[in-house]
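Chain residues, written in single-letter form:
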Amino acid sequence: MSGRILPLALEGVTLKIDGRRLIDKITLTLDAGPLTVVMGPNGAGKSLLMRLCHGLIKPTKGSITWQGSPGVWPGERQTRVFQKPVVLRRSVLANVEYPLKLRGVDANERKVRAREALERTGLGDIAMSPARVLSGGEQQKLAIARAWAMEPEVLFLDEPTANLDPAGTRDVEDLVRAVHGAGTKIIMTSHRTDQVRRLASEVVFIHKGRLIEKGPADAFLDTPQSAEARAYLSGELLV
Amino acid sequence: MNDFSSGLLDAFRLIVTLDPDLVEIIWLTIRVSLLAVTIAACIGLPLGAVLAITRFPGRTAVVVALNSLMGLPPVVVGLIVYMALSRVGPFGVLGLLFTPTAMVIAQTLLVLPIIAAVSRQVLSDLWLEYREQLISLGARHSQSIATLIWDARYQLMTAVLAGFGRAIAEVGAVMIVGGNIDHATRVMTTAIALETSKGNLSLAIGLGAILVCLALIVNGALFLLHPRRTVTP
Ligand SMILES: Nc1ncnc2c1ncn2[C@@H]1O[C@H](COP(=O)(O)OP(=O)(O)OP(=O)(O)O)[C@@H](O)[C@H]1O
Ligand SMILES: [Mg+2]
């Protein structure tokens, strides 16, 4: 199942809103394999880049192509977990079943896949609880379970641990590793160096909407090539 | 005062003995209003959802019109339906004037704007929250509409019940198009108006009490249905 929609190629991708260049001529190829983390300070354009790749907003200029087929949005094969996940006003289980139902997966298989995803994310015990009463961390896990049940080839995760405590962060990181290990390409954003060190095999660093660096995670963290990345990494260590 | 207390007593007797006239009136009232609200909900909920989700030229005008129609005076609706159904009106040949069907039509027109306007408001708030997520998960337009209606079901039920409250309590429209004919189109409100003007307070009080009870039952049922009740620790 892997390697069918990847690589994802961005060619001179630019996004302008109200005259502001929020994404500026990003050219970049993302391949199957490495766990990719998009890094950058607040407002760098990480979330926008994810939304562009996911396909729900269109670039002002440039192209985003999956496996060399321009204009095709393989929505079935890739999915995205939002920075602030939206859970539906239903049970936890029904939330996970929902996208499968949209795709016409039959009721029995739906139940099985949803149950499986909940077990894997440690939410099995609260499958029947109303999703809206879950804590922020549980909702984040639910969103990941929902995405995982869709068995995507590529999973975009936008700041999956932004509002979590250390234990919640560790849980979600374990989960991300598990999804990656099960053969799904992960493209996630983070602005935490420690997290990037634990998870990433490849880093894409952006700043003010521009691609500054892309390379293996260790090399990026230990010997950043650009002045921006150096400043960002040392600044964060000093804080 | 004497009149009043004997009226109360009589009313009580009518209710506990299930007086056939009383039961007939109540039954017709519930049938007419329930049917009107069902029809209005079947049209109003999807209409509200479409207005919440889609953008088309003239949409704002429709929304404004709908919101102002919410406050339409029942007698005006009655008059319009009367003219449409009267022998010289466009639908005169159907012979519907002074039948329960005419009353259902009038009440549907009264309730539809409430259900459509309230559900549009509720659903567009929810859509704001759900939009990107649903599209991302792969929902088509029709699937999104169904999802919104389902997830807002308790608030929408409140809108429908508010509509039912308006239908069952209004007197002007059904009086004009129904004519308050005994054993044919007499409902609780028109009967109360008539009996009160005749000075026959016992039936009026009995009907009034039942009307209030109906409102309490409906709202109590809604309260019990609502899941938020179980969330309080
Ligand atoms: N819909 C929009 N309209 C106008 N400006 C926007 C819009 N969405 C994002 N922006 C702007 O684009 C810039 C990048 O936003 P983005 O959300 O991608 O940042 P980010 O890198 O994800 O930051 P954070 O780390 O805080 O999540 C910000 O300055 C933001 O104000
Ligand atoms: Mg962001």
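Residues numbered from 1 in each chain as written. Chains lettered and ligands numbered in written order. Predicted model: local features only at pLDDT ≥ 70, side-chain atom pairs only at ≥ 80, totals over all residues. Heavy atoms only, no water.

### Details of the coordination of the magnesium ion (ligand 2)
Residues and elements named next belong to chain A. In this structure, Ser47 (OG) and Gln83 (OE1) serve as the protein donors to the magnesium ion (ligand 2), at separations of 2.0 to 2.3 Å. With a gap of 36 residues between them, Ser47 in helix 1 (residues 46–54) and Gln83 in the loop between strand 6 (78–81) and helix 2 (92–102) connect regions that are remote in the sequence. Residue Gln83 is classed as partly exposed on the basis of its relative accessible area, which comes to 34%. (Donors = N, O, S within 2.8 Å, 3.2 Å for Na, K, Ca; no water. Helix = DSSP H or I, 4+ residues; strand = E, 2+ residues; numbered from the N terminus. Buried < 20%, exposed > 50% of the residue type's maximum accessible area, 1.4 Å probe, protein only.)

### Overview of the interface of chain B and chain A
Note on interface size: it is often stated as the accessible area lost on association of the parts. In this complex, chain B contributes 17 residues to the contact, which on the side of chain A involves 20 residues. Around 1700 Å² of area is buried between chain B and chain A when both sides are counted, 51% of it from carbon and sulfur atoms. Interface area lost by chain B to chain A is led by Glu132, Gln133 and Leu137 of chain B, which between them contribute 38%. Our count for the contact surface shared by chain B and chain A stands at 5 salt bridges. In this structure, Arg51 of chain A engages Glu132 of chain B in a salt bridge whose closest nitrogen and oxygen atoms are separated by 3.0 Å. Here chain B is connected to chain A by 13 residue pairs in polar contact (both at pLDDT 80 or more). Elements with a contribution of two residues or more to the side of chain B that touches chain A: helix 5 (100–137) and helix 6 (141–151) of chain B. Of the residues that constitute the side of chain B that touches chain A, the class distribution is 8 nonpolar, 5 polar and 4 charged. (Contact = heavy atoms within 4.5 Å. Buried area = accessible area lost by both parts, 1.4 Å probe. Salt bridge = Lys/Arg side-chain N within 4 Å of Asp/Glu carboxyl O. Polar contact = N/O pair within 3.5 Å; in protein donor to acceptor, adjacent residues only side chain to side chain. Nonpolar A, V, L, I, M, F, W, Y, C, P; charged D, E, K, R; others polar.)

### Focus on unusual backbone geometry
Residue and element names in this part refer to chain A. Following Leu6, the chain continues into Pro7 via a peptide bond in cis, with omega recorded as 0°. Positive phi is not limited to glycine here, since Glu159 has a value of about 45°. Residue position: Glu159 is located in the loop between strand 7 (154–158) and helix 5 (166–181). Residues other than glycine seldom take positive phi values, yet Lys208 does so here, at roughly 50°. On the secondary structure map, Lys208 appears in the loop between strand 9 (202–207) and strand 10 (210–216). A relative accessible area of 59% means that Lys208 is categorised as exposed.

### Re the sheet that holds strand 8 (residues 185–190) of chain A
All names here are of chain A. Spatially, 6-7-8-3-9-10 is the arrangement adopted by the 6 strands of the open sheet, whose pairing is mixed. Across the chains shown, the open sheet's two edge strands, defined by having one partner strand only, are strand 6 and strand 10. Here the strands of the sheet are splayed against their neighbours by 15° on average, with no regard to which way each runs. For strand 9 and strand 10, the ladder comprises 6 bridges, and the chain directions are antiparallel. Each bridged residue has a counterpart across the sheet, and for His207 the counterpart in strand 10 is Arg210. (Pairing = 2+ DSSP bridges. Axes fitted to C-alpha atoms, helices over the stretch in contact; angles between N-to-C directions.)

### A word on the environment of Arg153 of chain B
Residues and elements named next belong to chain B. Relative to the helices and strands, Arg153 is located in helix 7 (residues 153–169). The exposure class of Arg153 is partly exposed, given its relative accessible area of 21%. As for Arg153 and Val212, which are separated by 59 residues in sequence, their C-alpha atoms are 25 Å apart.

### Some thoughts on the pattern of salt bridges
On inspection of all chains with the given rule, the structure shows 23 salt bridges over all chains. With its nearest N and O atoms 2.6 Å apart, the salt bridge here joins Arg198 of chain A to Glu173 of chain A. Remark: Glu173 of chain A occurs in helix 5 and Arg198 of chain A occurs in helix 6 (residues 193–199); sequence separation between them is 25 residues. On the basis of relative accessibility, which here comes to 3%, the residue Glu173 of chain A falls in the buried class. The salt bridge partner of Asp182 of chain B is Arg186 of chain B, with a shortest N-O separation of 3.4 Å. Residues participating in the shared-partner salt-bridge network are Glu173, Arg192, Asp194 and Arg198 of chain A.

### Examining the packing of helix 5 of chain B against helix 6 of chain B
Residue and element names in this part refer to chain B. As a packed pair, helix 5 and helix 6 sit with axes 10 Å apart at the nearest point and diverge in direction by 130°. Relative to helix 6, the element helix 5 lies oblique. As helix 5 runs across helix 6, the sense of the crossing is right-handed. Facing helix 5, whose interface residues are Leu123, Leu126, Trp127, Tyr130 and Leu134, helix 6 presents Ser144, Thr147, Leu148, Ile149 and Asp151. Of the residues in the contact of helix 5 with helix 6, the class split is 7 nonpolar, 2 polar and 1 charged. (Parallel < 35°, antiparallel > 145°, perpendicular 65-115°, else oblique. Left-handed = near helix turned anticlockwise from the far one by under 90°.)

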